[in-house]
Amino acid sequence: MSNKDFDMKDLLVDQSRFDFRNPEMYAYKSVPGLNKQIIYEISEQKQEPKWMLDLRLKSLKIFESWKDPQFGVDLKDLDLSKIVAYIKPNAKRTNSWDEVPDEIKDTFEKLGIPEAERKALAGVGAQYDSEVVYQHVQKNLEDLGVIFMDMETAVKKYPDLVKQYFMKAVSATNHKYAALHGAIWSGGTFLYVPRGVKVPLPLQAYFRMNNPGMGQLEHTIIVAEEGSELAFIEGCSAPFYNTTNIHAGMVEIYVKESARVKYATIQNWSKNTYNLNTKRAIVDRDGIMEWVSGSLGSFKTMIYPSSILRGKGAKTETKAITYAGSNQHMDAGSKVMMFAPYTSANIDARSISVAGGWAFYRGWLKIGENAKGAKASVECQALMLDNKSKSDTVPLIEVHTNEADVGHEAKIGRIKDEQIYYLMTRGLSEAEAKAMVVRGFVEPFAKELPIEYAIELNRLINMEVESSIG
């Protein structure tokens, strides 16, 4: 391929697709900060049952007594007294795209959400600021008993079912930002797949922050009953502002006996966002949990999708790619707790750092004394594209039985001059050569996504590489 045939710009997405912003419009907006009065106002706006208000107040109390984590990214400049906890969009929830207000509809159309739904999805939930405005699932899945709705509606329509799972996998005492989430969560998805039902196409949730200085803290619960199967895709973006935004969502997944769940994320928050997300799955006998995690955006990120394998023969797999560009600190990783016999775990975590970015892999693999016959493999690969960038790996592995098979491999390195030179002798520019190496590095992750999302991921990474190395 010659330079004449190859134009890097052909591979790029128009940044305006993500960085555009609509006028600040809302039906209700809380004052900045966090206190009891704000909690009462949020709960009243949502007309919640008392048990949920009590959970919020209890979480607030825990939040106020906990300190920031003593690891990960530096949070000293995150001033929560300036963050707006709740912005209710000026739109009612609907399952009809025609009923979505034009300005919000325009936002999601620019992001390609309705087009993706038509082409490759079984259903979509679209959240704008603090609440879901559009949620739709194919009629045949509803007939099979699949529940796919926004969390506020689920709290009212299926209170016993929601109460059974809400913050049971991740409690408010787990860490400070789990408590923050419990206090001011809003929006998100409740997905329940009955026994034996296999959802043929992925379901998607897309989260968009439009307003500056806000917090988005959606709550997602997925329950896959015995023998069921599903795939879920989560996407997110926001326009860039000079004020700080925070995203502190929570995902709780319950994989019952012989069920299978695949959860894929493409995180592309703007560079003014602190992304402090918590995701955890509890996996029963012979269940399978797959995490596919792409972290590209945000200013600072802390995220460690985790699986608790509590049933005999339960399995989990994590494929993750982290991209840290200029002024980004991405502290990401994976956690697996193996507490039952013959469980297995595979982690393939890769990171790219460029233009002074800092990619940090933080993992925790624990094999309990009852996990006899357990097998686990952890592989971390870090690629630095220049001398200004940093990368670290801290994989913590605890094994409490002699009857486990554990493998670990970590590689950190800079992109090889010989590799780039070879490609440049074939007619590529330096930027094109580096982009090609990066694409090869990302491929194992990208192939886990539906084709439309894999293309989007490649375009995003090409765009970041191009902007970083010129």
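- Labelled according to an unreviewed UniProt entry, the chain appears under the name Iron-regulated ABC transporter membrane component SufB, originating from Oceanotoga teriensis.
- Recorded in UniProt for the chain, the comment headed Sequence similarities (unreviewed entry) runs: "Belongs to the iron-sulfur cluster assembly SufBD family."

### Examining the overall build of the chain
And then number 1: When helices and strands are tallied, the chain shows 12 helices and 25 strands.
And then number 2: By principal-axis analysis of the C-alpha atoms, the chain measures approximately 65 × 60 × 45 Å.
And then number 3: Taking all 470 residues of the chain together, 60% fall into the buried category.
And then number 4: In the chain, once contacts between residues fewer than 6 apart in sequence are set aside, the share between residues at least 24 apart is 84%.
And then number 5: In the chain, the 58 positive side-chain charges and the 61 negative ones have mean positions that sit 3 Å from each other.

### Examining the nonpolar core
And then number 1: Within the largest apolar cluster, 53 residues are counted, with the highest numbers of intra-cluster contacts made by Phe-166 and Phe-190.
And then number 2: Broken down by element, the residue count for this core peaks at eight residues, all from helix α3 (residues 50–65).
And then number 3: When residues no more than four places from it in sequence are discounted, the contact partners of Phe-166 are Trp-51, Met-52, Leu-55, Met-151, Trp-185, His-219, Ile-221 and Glu-252.
And then number 4: Membership of the second largest hydrophobic core comes to 48 residues, among which are Val-251, Val-255, Ala-345 and Cys-380.

### Topic: the packing of aromatic side chains
We describe a pair of aromatic rings using the distance from one ring centre to the other and the angle between the two ring planes.
And then number 1: Tallying each qualifying case throughout the model produces 12 aromatic pairs.
And then number 2: Considering the side-chain rings of Phe-108 and Tyr-128, the 6.3 Å spacing of their centres and the 65° angle between planes classify their relative orientation as edge-to-face. Here Phe-108, found in helix α4 (residues 102–110), pairs with Tyr-128, found in strand β3 (residues 123–128); they are 20 residues apart in sequence, far enough to count as distant.
And then number 3: A relative accessible area of 0% places Phe-108 in the buried class.
And then number 4: When its relative accessible area of 4% is taken as the criterion, Tyr-128 is described as buried.

### Concerning the pattern of salt bridges
Side-chain pairs of opposite charge can arise where the charged atoms are in close proximity.
And then number 1: Under the criterion given, the structure shown has 22 salt bridges.
And then number 2: Between Lys-176 and Asp-68 there is a salt bridge, with the nearest N and O atoms lying 3.5 Å from each other. Of this pair, Lys-176 sits in helix α9 (residues 176–184) while Asp-68 sits in the loop between α3 and β2 (87–88), and the two are 108 residues apart along the sequence.
And then number 3: Relative accessible area serves as the criterion here: at 15%, Lys-176 is assigned to the buried category.

### Considering the environment of Lys-176
And then number 1: A sequence separation of 109 residues divides Lys-176 from Lys-67, and the C-alpha atoms of the two residues are 6.5 Å apart.
And then number 2: With residues up to four places along the chain from it excluded, the contact list for Lys-176 reads Phe-63, Trp-66, Lys-67 and Asp-68.
And then number 3: Within the structure, Lys-176 has its side chain in polar contact with the side chain of Asp-68 (distance 3.5 Å).

### Let's talk about the pairing of strand β10 (residues 229–237)
And then number 1: With seven of nine residues buried, β10 lies mostly within the body of the structure.
And then number 2: As paired elements, strand β7 (residues 203–208) and β10 share six bridges and run parallel to each other. Its bridge partner lying in β10, Leu-203 is registered against Phe-232.
And then number 3: Pairing analysis gives nine bridges linking β10 to strand β13 (residues 260–268), with the strands arranged parallel. If you follow Ala-231 over to β13, its bridge partner there is Lys-262.

### Quick look at the environment of Ser-186
And then number 1: If you trace the backbone, Ser-186 turns up in the loop between α9 and β6 (189–193).
And then number 2: Counting along the chain gives 64 residues from Ser-186 to Ala-122, while the straight-line C-alpha distance between them is 24 Å.
And then number 3: Non-local contacts of Ser-186, meaning those with residues more than four positions away in its chain, are made with Lys-46, Tyr-86, Gln-127, Ser-130, Glu-131, Glu-152, Leu-217, Glu-218 and His-219.
And then number 4: Polar contacts involving the side chain of Ser-186 include one to the side chain of Lys-46, which spans 2.6 Å.
And then number 5: Polar contacts involving the side chain of Ser-186 include one to the main-chain carbonyl oxygen of Ser-130, which spans 2.6 Å.

Calculation notes
- Residues numbered from 1 in each chain as written.
- Predicted model: local features only at pLDDT ≥ 70, side-chain atom pairs only at ≥ 80, totals over all residues.
- Heavy atoms only, no water.
- UniProt positions renumbered as here; feature names shortened; annotations may be inferred.
- Helix = DSSP H or I, 4+ residues; strand = E, 2+ residues; numbered from the N terminus.
- Buried < 20%, exposed > 50% of the residue type's maximum accessible area, 1.4 Å probe, protein only.
- Contact = heavy atoms within 4.5 Å.
- Lys, Arg positive; Asp, Glu negative; His and termini not counted.
- Charge placed at Lys NZ, Arg CZ, Asp CG, Glu CD.
- Core = buried A, V, L, I, M, F, W, Y, C linked by side-chain atoms within 4.5 Å.
- Phe/Tyr/Trp six-rings, centres within 6.5 Å; stacked < 30°, edge-to-face > 60°.
- Salt bridge = Lys/Arg side-chain N within 4 Å of Asp/Glu carboxyl O.
- Polar contact = N/O pair within 3.5 Å; in protein donor to acceptor, adjacent residues only side chain to side chain.
- Pairing = 2+ DSSP bridges.

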